[in-house]
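# Structural features, examined
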Amino acid sequence: TLVTYKKKMDQITKTLFVPINDDDYILNKVGDSSLLQLGNSNYVILELMTEVEGYEERYLQKAKDINKLAKDYPDIGVYVYKPIQARETNMFDEKNQIKTYGRQYNDLFKNALEVPYAELQLNNINDYKRFYYAQDHHWNYEGSYQGYCDIINLIFGSYEYILTPTS
């Protein structure tokens, strides 16, 4: 209860310094940190991925290393699952009039892989809010469950039985 009241108080105090914007696609820098607030919500993300010299080579090298590992150990199934984060999407580009590169880097990596690949799908801000904690880059329980379902489907196919959580 105290944490809830503190968060509400933080939100009220914040509005004194940050313009109120109900559009969660509009990003507001949080002080001098590398955090960005989504609109006027409690959700924050790390700075968006920009074009960085050498990143393409690093992503391609990572894929090459994984491909080599799979070839070196053909009796072991190698799979790649990537829990995409909001900062790795381009969903904020248009509203903030910016060009980000997270999606481009991930696509480059995915297309260079020679092993089965899947990723957590973040199609919009509601997906992000559904799968992640508000002030943390880790999955909440729904994100963890979606990751579990995605990984089971990646390894065994969509015909595999998926456990349903019970309360």
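This write-up is about the structure you can find in this document. Everything numeric in this text was worked out from a predicted model, so none of it was measured.

Nonpolar side chains in soluble globular proteins generally cluster together in the buried interior. Ranked by internal contacts, the top residues of the largest apolar core, which has 32 residues, are L38, I45, F92, F109, L113, L122 and Y128. In terms of residues, this core owes the most to one element, helix α2 (residues 55-72), which gives four residues. Residues contacting Y128, with those up to four places away along its chain left out, are L38, Y43, V44, I45, A86, L122, Y133 and D136.

Attention now moves to a negative patch on the surface. On the surface, a cluster of negative charge is contributed by E51, E53, E56 and E57. Turning to its location among the elements, E51 is positioned in the loop between β3 (44-46) and α2.

Time to look at the packing of α2 against helix α4 (residues 102-112). Between α2 and α4, the shortest axis-to-axis distance is 9 Å and the interhelical angle comes to 30°. It follows that α2 is roughly parallel to α4 by the angle criterion. Crossing hand, α2 versus α4: right-handed. Contacts from Y55, E56, Y59, L60, K62, A63, I66 and N67 in α2 reach Q104, Y105, N106, L108, F109 and A112 in α4. Each residue belonging to the contact of α2 with α4 can be placed in one class, and the counts come to nine nonpolar, three polar and two charged.

So, about a nonpolar patch on the surface. Among the surface-exposed residues, Y79, I151, I155, F156 and Y159 lie close enough to one another that they form a single nonpolar patch of about 500 Å² accessible area. For Y159, the location among the structural elements is in the segment after α6 (141-156). For Y159, a relative accessible area of 69% corresponds to the exposed category.

A few words on α4. Among all positions of α4, only G102, Y105, N106 and F109 are buried. Across the axial projection of α4, the buried residues extend over an arc of 95°, all falling on one side. Those residues of α4 that are buried lie in contact with α2, β4 (80-82) and β5 (117-119).

The next point concerns the pattern of salt bridges. Counted under the stated rule, the structure contains ten salt bridges. One salt bridge in this structure joins E114 and K71, with 3.0 Å as the shortest N-O distance. You can see E114 sitting in the loop between α4 and β5 and its partner K71 sitting in helix α2, a full 43 residues away along the chain. Grouping residues by exposure puts E114 and K71 together as exposed. With its nearest N and O atoms 2.9 Å apart, the salt bridge here joins R103 to E119. With R103 in helix α4 and E119 in strand β5, this pair connects stretches of sequence that are 16 residues apart. Note on R103: relative accessible area 21%, which makes it partly exposed.

Rules used in this analysis
- Residue positions are given per chain, counting from 1 as you read along its sequence in written order.
- Per-residue local features of the predicted model are confined to residues with pLDDT of at least 70, and side-chain atom pairs are confined, for both listing and counting, to 80 or more; whole-chain, interface and lining totals are unaffected and use all residues.
- The side-chain values count all of the structure's non-hydrogen atoms but skip hydrogen atoms and water molecules.
- The nonpolar core is taken to be a set of buried Ala, Val, Leu, Ile, Met, Phe, Trp, Tyr and Cys residues, with the residues joined through side-chain atoms within 4.5 Å.
- Partly exposed residues are those whose accessible area sits between 20% and 50% of the maximum for their type, while under 20% is buried and over 50% is exposed, using a 1.4 Å probe and protein chains only.
- Each helix corresponds to a stretch of at least 4 residues labelled H or I by DSSP, and each strand to a stretch of at least 2 residues labelled E; elements are numbered beginning at the N terminus.
- Every residue pair with non-hydrogen atoms within 4.5 Å of one another is taken to be in contact.
- What makes a patch is a set of residues exposed beyond 30% relative accessible area and free of salt bridges, joined within 9 Å when like-charged and within 5 Å when nonpolar (Val, Leu, Ile, Met, Phe, Trp, Tyr).
- Per-residue accessibility takes into account occlusion by the displayed protein chains alone, with areas from the Shrake-Rupley method and a 1.4 Å probe.
- By definition here, a salt bridge exists when the distance from a side-chain nitrogen of Lys or Arg to a carboxyl oxygen of Asp or Glu is within 4 Å.
- His residues and chain termini do not enter the charge count, which takes Lys and Arg as positive and Asp and Glu as negative.
- All charge positions are set by atom: Lys at NZ, Arg at CZ, Asp at CG, Glu at CD.
- Structural elements are reduced to axes, namely lines fitted to C-alpha atoms, with helices fitted over the stretch in contact, and the angle between N-to-C directions of any two is expressed from 0 to 180 degrees.
- Here is the rule for angles: anything less than 35 degrees is roughly parallel, anything more than 145 is roughly antiparallel, 65 through 115 is roughly perpendicular, and the remaining ranges are oblique.
- Left-handed describes a crossing whose near helix is turned anticlockwise from the far helix by less than a right angle; the clockwise case is right-handed.
- Only Asp, Glu, Lys and Arg are considered charged, only Ala, Val, Leu, Ile, Met, Phe, Trp, Tyr, Cys and Pro nonpolar, and every remaining residue, Gly among them, polar.
- It is the directions from the helix axis to the C-beta atoms whose arc is reported.

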